[in-house]
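# Reading the structure
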Amino acid sequence: RQVGVFQAGEAEQKYVDAGVFVDRVTPPEAVVVSMQHSGSIRYYSGRLTLRYDSLDPAWLDRAIATLEQNGRPVYLLLDEWEEVPFRNRFAGQRALGALEAGPAAESRGGGLRFYAMNGAPLSLTSRRIPHVSRSRCPDISPGFSTAGRPARVVTSHRP
């Protein structure tokens, strides 16, 4: 307690909350566009993630369209502080309309915001991202794999 170890753990709980929530509400073939939570989403849900900070700013709409054409519903999960940089990075992209419509779910206080892109299916019972009990430590998702080739969407590149 004197060095703040328990407080740090409480602050990190949002990563578990995000990953467990994504696992509960999205289909296994889903792709989640994220940055801050990409690792925890992958670890706790086994869902494929697309880090938006590695995506060319002109390619957000094309990436989403390509994923959807390959049977991959697309979702977006942002920390509250990520929303303005995300909007700035992808200014002019149609996908920003999902942000204008508001999140499909968010955490208490709005710190985490979850969006379904283009009507992607959701299994929501509430618009709240629940807080996972600290006494229950979720294990790695059975869908998480580091062995073999990573999941990929193959497309043809046209000039």
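The following paragraphs examine the structure supplied in this document. (Residues numbered from 1 in each chain as written. Predicted model: local features only at pLDDT ≥ 70, side-chain atom pairs only at ≥ 80, totals over all residues. Heavy atoms only, no water.)

### Quick word on the sheet that holds strand β1 (residues 31-34)
Pairing is mixed across the open sheet formed by six strands, whose spatial order is β2-β1-β3-β5-β4-β6. One side of each edge strand has no neighbouring strand; the edge strands of this open sheet are β2 (48-51) and β6 (128-129). In this sheet, strand β5 (residues 112-116) lies alongside strand β3 (residues 74-79) in antiparallel orientation, the contact comprising five bridges. The residue bridging Leu78 from the neighbouring strand is Arg113, located in β5. Contacting β1, β2 and β3, helix α2 (residues 38-45) runs over the sheet at an angle of about 175° to β2. The sheet strands contacting helix α3 (residues 60-69) are β1, β2 and β3, and the helix crosses β3 at an angle near 135°. (Pairing = 2+ DSSP bridges. Helix = DSSP H or I, 4+ residues; strand = E, 2+ residues; numbered from the N terminus. Contact = heavy atoms within 4.5 Å. Axes fitted to C-alpha atoms, helices over the stretch in contact; angles between N-to-C directions.)

### Structural notes on the pairing of β3
Within β3, six of the six residues are buried, which leaves the element mostly enclosed by the surrounding structure. Side-chain alternation along β3 places Val74, Leu76 and Leu78 on one buried face and Tyr75, Leu77 and Asp79 on a second face that is also buried. In the sheet, β1 pairs with β3 via three bridges, with the strands oriented parallel. Following the sheet pairing, Val31 is matched in β3 by Val74. (Buried < 20%, exposed > 50% of the residue type's maximum accessible area, 1.4 Å probe, protein only.)

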